[in-house]
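Observations on the three-dimensional arrangement
Here's the letter readout for the chains.
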Amino acid sequence: MKKQLTLCAAALIAMAMTGCEKKGTIEGVVLDPFTGKAIEMPTVWMDSTIYGTQNPKYPYKGELQQGKFKFEEVPVGEYLIKARRSKFILGQQKIATTNENPNLSVTLYEYSDQVKPGLYKTGTTEGPEKIENQWVVYSTSCNESVAGYRLTMPLNNDAGKVPGKKADKKKKKGADKAPKVSNLPAPLAMGSDIDVFYVNASSVTSPLVATVFAAAEGKVADHSDCKGFGADEKTGLFVDKSKSANLTVEYKAENLFEIKGSLLSGKQILQLSQDGKTLQTYYFEVK
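Residues numbered from 1 in each chain as written. Predicted model: local features only at pLDDT ≥ 70, side-chain atom pairs only at ≥ 80, totals over all residues. Heavy atoms only, no water.

1. A look at a negative patch on the surface
A contiguous patch of negative charge, built from Glu-27, Glu-63, Glu-72 and Glu-73, is present on the exposed surface. With respect to the helices, strands and loops of the structure, Glu-27 is situated in strand β1 (residues 23-31). (Patch = residues over 30% accessible without salt bridge, like charges linked within 9 Å, V, L, I, M, F, W, Y side chains within 5 Å. Areas by Shrake-Rupley, 256 points an atom, 1.4 Å probe, with all protein chains shown as cover. Salt bridge = Lys/Arg side-chain N within 4 Å of Asp/Glu carboxyl O. Lys, Arg positive; Asp, Glu negative; His and termini not counted. Charge placed at Lys NZ, Arg CZ, Asp CG, Glu CD. Helix = DSSP H or I, 4+ residues; strand = E, 2+ residues; numbered from the N terminus.)

2. Some thoughts on the state of the cysteines
Scanning the entire structure with this criterion turns up 1 disulfide. Put simply, Cys-142 and Cys-226 are joined by a disulfide, and their sulfur atoms are 2.1 Å apart. Its S-S torsion of about 115° marks the bond between Cys-142 and Cys-226 as right-handed, since a negative value means left-handed. One end of the pair, Cys-142, is in the loop between β9 (139-140) and β10 (148-150); the other, Cys-226, is in the loop between β15 (209-219) and β16 (235-246), with 84 residues separating them in the sequence. The same class applies to Cys-142 as to Cys-226, namely buried. (Disulfide = S-S within 2.5 Å. Buried < 20%, exposed > 50% of the residue type's maximum accessible area, 1.4 Å probe, protein only.)

3. Side note on the pattern of salt bridges
One pass over the structure, following the stated rule, counts 5 salt bridges. Here Glu-129 makes a salt bridge to Lys-121, at a shortest N to O gap of 3.2 Å. Classification of Glu-129 by relative accessible area gives partly exposed; the value is 37%. Salt-bridge contacts for Glu-233 lead to Arg-150; the nearest nitrogen and oxygen are separated by 2.6 Å. With Glu-233 in the loop between β15 and β16 and Arg-150 in strand β10, this residue pair connects regions lying 83 residues apart in the sequence. Arg-150 shares its class with Glu-233; the two are buried. One salt-bridge network, held together by shared partners, links Lys-252, Glu-258 and Lys-260.

4. Considerations on the confidence of the model for the protein
Summing up the model confidence of the protein, the mean pLDDT is 89 and the portion of residues at 70 or higher is 85%. Counting contacts from residues 1-5, a segment whose pLDDT is below 50, to residues more than four positions away or on other chains yields 0 contacts. Of the regions scoring below 50 in pLDDT, residues 158-163 engages in 0 contacts with residues more than four places distant in sequence or in other chains. (pLDDT = per-residue confidence, 0-100. Contact = heavy atoms within 4.5 Å.)

5. Quick notes on the packing of aromatic side chains
One pass over the structure, following the stated rule, counts 12 aromatic pairs. Centroid distance Tyr-51 to Phe-71: 6.3 Å. Interplanar angle 50°. Geometry classified as tilted. In this pair, Tyr-51 sits in the loop between β2 (43-46) and β3 (68-75) while Phe-71 sits in strand β3, placing the two residues 20 residues apart along the sequence. Assessed through its relative accessible area of 15%, Tyr-51 is described here as buried. Here Phe-71 falls in the buried class, since its relative accessible area comes to 3%. Centre to centre, the rings of Trp-135 and Tyr-283 are 6.4 Å apart; their planes meet at 85°, and the pair counts as edge-to-face. (Phe/Tyr/Trp six-rings, centres within 6.5 Å; stacked < 30°, edge-to-face > 60°.)

6. Focus on the side chain of Gln-268
Here Gln-268 is to be found in strand β19 (residues 266-274). Among the polar contacts listed, one links the side chain of Gln-268 to the backbone oxygen of Leu-264, at a separation of 2.7 Å. Among the polar contacts listed, one links the side chain of Gln-268 to the backbone oxygen of Gly-266, at a separation of 3.0 Å. Residue contacts for Gln-268: discarding those within four places in its chain leaves Val-212, Phe-213, Ala-214, Ala-215, Leu-263, Tyr-282, Tyr-283, Phe-284 and Val-286. (Polar contact = N/O pair within 3.5 Å; in protein donor to acceptor, adjacent residues only side chain to side chain.)

7. What about unusual backbone geometry?
Of note in this structure, Met-41 is not a glycine but carries a positive phi near 55°. By the secondary structure assignment, Met-41 is in the loop between β1 and β2. Using a relative accessible area of 41% as the deciding quantity, one classes Met-41 as partly exposed. Phi is positive for Ser-48, close to 60°, though the residue is something other than glycine. Tracing the backbone shows Ser-48 in the loop between β2 and β3.

8. Focus on the environment of Leu-155
Tracing the chain through its elements places Leu-155 in the loop between β11 (152-154) and β12 (181-183). For Leu-155, a relative accessible area of 45% corresponds to the partly exposed category. When sequence neighbours within four positions are dropped, the list of residues in contact with Leu-155 reads Lys-180, Val-181 and Ser-182.

9. A closer look at the pairing of β15
Pairing of β15 with β19 involves 6 bridges; the strand directions are antiparallel. Pairing of Ala-210 across the sheet is with Leu-272, part of β19. Pairing between β15 and β16: 9 bridges, direction antiparallel. Bridge pairing in β16 links Ala-216 to Phe-238. (Pairing = 2+ DSSP bridges.)

See the structure below:
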């Protein structure tokens, strides 16, 4: 009997605690990270809850035109809040409220599903502006050496040749003896501070790591782990692992990260990696 009374008392206490659970308001806005403009009429919801703008009884549908949302009487706790719209990439964020702070303002980001993988400028009001990686064709695959670039690359002798057209027999003697090569393009001039977006090619749950290394020419023979150099190439451009800096990486939306920080002085290579594997490298110079 005493045991039953104890269980009943515990149940009453639990019910009382549940009844006193504090509630608050979760509100915010959905933005395009590239332009900073509001996403009109997004669908916003909190996973595994009754809170969602798609609910027929949702009272603030008019504010969705400005990308704004609001959920009231939300019990304090931890949630995963998401935003989606047709032809846009999912945006989501983990949030938490407490009895001391039951209310929360949230900014969610989602972007067009037509944005291709790569590095982009921030603060572009007209839309995504890509930083073209013209050095990627010169890059080699390295392990311990982190990254390397070929300084020159032989051009295809048939490049520009019109199919079906016979070769010009009047070429000067010896004209084909000297191989034609293209040189590694000059590094992109940058300020000392970097603030860019990176769109990953695939969804990976592990963190994105952004590191800059000083770049220096070196002997290919000293970097045997770098695959992709020509058999006759003696020199390449490599990272100097003794001079490096980690950049801050912030998740913005699915496959989209914002990279911020201070670059090194001089020529350098930006390495973007996940799980210790290089995804992409870029060649910069701060003067």
